[in-house]
Amino acid sequence: MELIYTGVGKKVYHDGNKLIKSFDQTYSKADILNEALNQARVEASTLNVPKILGVSVTDGDWSLTWEYIEGETLESLMKKHPEKEDEYLGQFVDLQIRMSREKVPLLGHLRDKMHAKISASSFPASVRYDLHMRLDGLPRHVKLCHGDFQPSNIIITKDGTPFIIDWSHATQGNGSADAARTYLLFKLQGKDALAEKYLKQFCLKTDTAVQYVQRILPIVAASQSVKKKPEEAEFLAKWVNVCDWQ
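Draft legend 1. Quick look at the packing of helix 3 (residues 85–100) against helix 7 (residues 192–206). With their axes 10 Å apart at the nearest point, helix 3 and helix 7 run at an angle of 50° to one another. Taken together, the axes of helix 3 and helix 7 lie oblique to each other. For the pair helix 3 and helix 7, the sense of crossing is right-handed. Residues Glu85, Asp86, Leu89, Gly90, Phe92, Val93, Asp94, Gln96 and Ile97 of helix 3 lie in contact with helix 7, whose contacting residues are Leu194, Lys197, Tyr198, Gln201, Phe202, Lys205 and Thr206. For the contact of helix 3 with helix 7, the per-class residue count stands at seven nonpolar, four polar and five charged.

In structure tokens, the structure reads:
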């Protein structure tokens, strides 16, 4: 069994045709089982998604097992072939649009999750109130939302088939809110030019006003802030405080 990734409180191993994600005891049983349940529910869609094979616990540490998908992440391909960035970005946006056409009615609602995260944020009550009102003003959709849709979560197989991985944050809701999170993730990674190209492509292909997605950004920034990463705090606060003058 080969260790291929180490994160905060979790490790990922490759074992033949299986991928095993092991969690330490900082992860709650509820969150781990919810990730497995999300994955199983999304498997019922028409998307290419690694199948979950098992849930187990050893000495109090839980683990999830998926089928192993052999390929390369879209992020890796974009780094290797910068001359193809626009082509890869187009495939990325097309896949996100295809995903948003799916319906997975048993998933939790993005609106509820965002309201909870706004409430849990450390912003002043007046700012939280504005964010709650802004969120309630968004159209109510039931599109499949990934919650962490970025090139590192897309695996391209040798025959060019894209698989979407890591459905731990999956919900149903407003697809433009999912796009706003993707844009914010690019910005947090310092990929400003790619973020702008992405937003332009997404809005063009979905006939969505850029201003509409921009109005969602303070909400997404507030939800991201509950992760309490010191290196992100100042940047996210600037986005959230756009509420004061918009």
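Draft legend 2. Quick peek at the pairing of strand 4 (residues 52–58). With six bridges connecting them, strand 4 and strand 5 (residues 61–67) associate as antiparallel partners. Each residue of the ladder has a partner; that of isoleucine 52, found in strand 5, is tryptophan 66. Once strand 4 ends, the chain turns through two residues before running back antiparallel as strand 5, passing aspartate 59 with a positive phi of about 50°.

Draft legend 3. Region of the structure containing the packing of aromatic side chains. Per the stated rule, a full pass over the model turns up eight aromatic pairs. Arranged with centres 6.2 Å apart and planes meeting at 90°, the rings of tyrosine 183 and tryptophan 239 form a pair that is edge-to-face. You can see tyrosine 183 sitting in helix 6 (residues 175–188) and its partner tryptophan 239 sitting in helix 9 (residues 230–240), a full 56 residues away along the chain. For tyrosine 183, a relative accessible area of 5% gives the class buried. A connected cluster of aromatic rings, assembled from ring pairs, spans Phe92, Phe149, Phe186, Tyr198 and Phe202.

About the cut-offs
- Residues numbered from 1 in each chain as written.
- Predicted model: local features only at pLDDT ≥ 70, side-chain atom pairs only at ≥ 80, totals over all residues.
- Heavy atoms only, no water.
- Axes fitted to C-alpha atoms, helices over the stretch in contact; angles between N-to-C directions.
- Helix = DSSP H or I, 4+ residues; strand = E, 2+ residues; numbered from the N terminus.
- Parallel < 35°, antiparallel > 145°, perpendicular 65-115°, else oblique.
- Left-handed = near helix turned anticlockwise from the far one by under 90°.
- Contact = heavy atoms within 4.5 Å.
- Nonpolar A, V, L, I, M, F, W, Y, C, P; charged D, E, K, R; others polar.
- Pairing = 2+ DSSP bridges.
- Phe/Tyr/Trp six-rings, centres within 6.5 Å; stacked < 30°, edge-to-face > 60°.
- Buried < 20%, exposed > 50% of the residue type's maximum accessible area, 1.4 Å probe, protein only.

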